[in-house]
Amino acid sequence: MYKNICVTNRHLVEGDFLKQLAKVAEGGCDAIILREKDLSEAEYEKLAEQALKVCEIHGTKCILHTYIEAAIRQKAEAIHLSFPVWEKINEIQKQKFSQIGVSIHSVEEAVAAAEQGADYLTAGHIFATDCKKGVPPRGLGFLREVCQSVSIPVYAIGGIQEENVKDCIEAGAAGVCRMSFYMKKK
């Protein structure tokens, strides 16, 4: 069985973001990565506090993103980092989390993150997506190579649709991350 992970983007939500988050959390995804990159750390932390409560109510894991110190202040159990931020996290900060994920865009980054103690990776973007307009997707061959290069779970991200989930799993992914699917879900 593979995992379904929601990656947030409140700009895609029609209506109230927290209500949509609650709908997603109660709808059976395995985890929610709160990825609101346009917010300042203070704004993000306010939203994170609310999102953590929503996810707790519905029994869904909430993974904070980017802002390490805000996540520590919120006593978040998990954080997801870009590879450049991952390279800057210190050992004391790492110890504050039971799970740390890293976004990677090359096999070299995947191997380095795994060797440095990442718990899981998101690899992308696999298929064409509006989030990366004009940027060619890396494809299933890339996903397969990443999955074969590390012994930690890898989740496919980017352009994931119902019709290509199976292809990602067959390439070795432990699951998929989807944004529009969850943020626009009625």
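Refer to the structure printed above.
Residues numbered from 1 in each chain as written. Predicted model: local features only at pLDDT ≥ 70, side-chain atom pairs only at ≥ 80, totals over all residues. Heavy atoms only, no water.

**Quick notes on unusual backbone geometry**
Applicable threshold: Segments assigned H or I by DSSP are reported as helices when at least four residues long, segments assigned E as strands when at least two residues long, and all are numbered from the N terminus.
Put simply, glycine 124 and histidine 125 share a cis peptide bond, and its omega is -5 degrees. Within the secondary structure layout, histidine 125 lies in the loop between β6 (120-124) and α7 (139-149). Even without being a glycine, threonine 66 presents a positive backbone phi close to 75 degrees. With respect to the helices, strands and loops of the structure, threonine 66 is situated in the loop between β3 (61-65) and α3 (68-73). A positive phi angle, near 55 degrees, is found at lysine 75, a position not held by glycine. The residue lysine 75 is located in the loop between α3 and β4 (78-82) in this model.

**Examining the packing of helix α1 (residues 17-26) against helix α2 (residues 41-58)**
Applied cut-off: Helix axes are fitted to C-alpha atoms over the stretch in contact, other axes to C-alpha atoms as well, and angles between N-to-C directions run from 0 to 180 degrees. Each angle is binned into one of four classes, with values under 35 degrees roughly parallel, values over 145 roughly antiparallel, values of 65 to 115 roughly perpendicular, and all other values oblique. By definition, any crossing whose near helix is turned counterclockwise from its far helix by less than a right angle is left-handed, and any crossing with a clockwise turn is right-handed. Contacts: residue pairs with any heavy atoms within 4.5 Å of one another. Each residue is assigned to one class: nonpolar for Ala, Val, Leu, Ile, Met, Phe, Trp, Tyr, Cys and Pro, charged for Asp, Glu, Lys and Arg, and polar for all the others, Gly among them.
Here α1 crosses α2 at 30 degrees, and the two axes come no closer than 9 Å. With respect to their mutual orientation, α1 and α2 come out roughly parallel. Considering how the two elements wind past one another, α1 and α2 form a crossing that is right-handed. Residues Phe17, Leu18, Leu21, Ala22, Ala25 and Glu26 of α1 form the contact with α2, whose own contacting residues are Leu47, Gln50, Ala51, Val54 and His58. Grouping the constituent residues of the contact of α1 with α2 by class yields eight nonpolar, two polar and one charged.

**Considering the pattern of salt bridges**
Where we set the bar: The salt bridge criterion pairs a side-chain nitrogen of Lys or Arg with a carboxyl oxygen of Asp or Glu, the two atoms within 4 Å. Relative accessibility under 20% of the residue-type maximum defines a buried residue, over 50% an exposed one, and the middle range a partly exposed one, all with a 1.4 Å probe and only protein chains included.
Using the criterion set out here, one finds eight salt bridges in the structure. Residues aspartate 38 and arginine 10 are paired through a salt bridge, measuring 2.8 Å at the closest nitrogen-oxygen approach. Taken together, the positions of aspartate 38 in the loop between β2 (31-34) and α2 and arginine 10 in the loop between β1 (3-7) and α1 put the pair 28 residues apart, joining distant regions of the chain. Of the residues examined, aspartate 38 reaches a relative accessible area of 47% and is grouped as partly exposed. With its nearest N and O atoms 3.2 Å apart, the salt bridge here joins arginine 73 to glutamate 41. Of this pair, arginine 73 sits in helix α3 while glutamate 41 sits in helix α2, and the two are 32 residues apart along the sequence.

**Focus on the sheet that holds β4**
Let me state the cut-off plainly: Strand pairing is assigned whenever DSSP detects at least two bridges linking the two strands.
Strand order in the closed barrel made by the eight strands is β1-β2-β3-β4-β5-β6-β7-β8, with parallel pairing throughout. For this sheet, the mean angle separating the axes of adjacent strands, direction not counted, is 25 degrees.

**What to know about the packing of helix α6 (residues 107-115) against α7**
Two elements in contact, α6 and α7, have axes separated by 9 Å at closest approach and are oriented at 25 degrees. Judged on the interaxial angle alone, α7 and α6 are roughly parallel. Seen along the crossing, α6 lies across α7 with a hand that is right-handed. Contacts from Val107, Ala110 and Val111 in α6 reach Phe142, Glu145, Val146 and Ser149 in α7. Counted by class, the contact of α6 with α7 contains five nonpolar, one polar and one charged residues.

**Regarding the pairing of β3**
For the record, the criterion: Handedness of a crossover is defined as follows: orient the strands so they point away from the viewer, and if the path from the first strand over the helix to the second runs clockwise, the crossover is right-handed.
Most of β3 sits inside the fold, with four of its five residues counted as buried. Viewed along the sheet, the connection from β3 through α3 into β4 turns out right-handed.

**Regarding the packing of aromatic side chains**
Which entries qualify depends on this criterion: Only Phe, Tyr and Trp rings take part, Trp by its six-membered ring, and two of them pair if their centres are within 6.5 Å. Stacked means planes under 30 degrees apart, edge-to-face means over 60, and tilted covers everything else. Lysine NZ or arginine CZ positioned within 6 Å of the ring centre and within 35 degrees of the ring normal marks a charge as sitting over the ring.
The tally for this structure, following the rule as stated, stands at three aromatic pairs. An angle of 50 degrees between the planes, with centres 5.4 Å apart, marks the rings of tyrosine 44 and tyrosine 67 as tilted. On the criterion of sequence distance, the pair formed by tyrosine 44 in helix α2 and tyrosine 67 in the loop between β3 and α3 is long-range, its members being 23 residues apart. With relative accessibility at 1%, the residue tyrosine 44 sits in the buried group. Sitting over the face of the ring of phenylalanine 142, arginine 138 holds its NZ or CZ atom 5.8 Å from the ring centroid.

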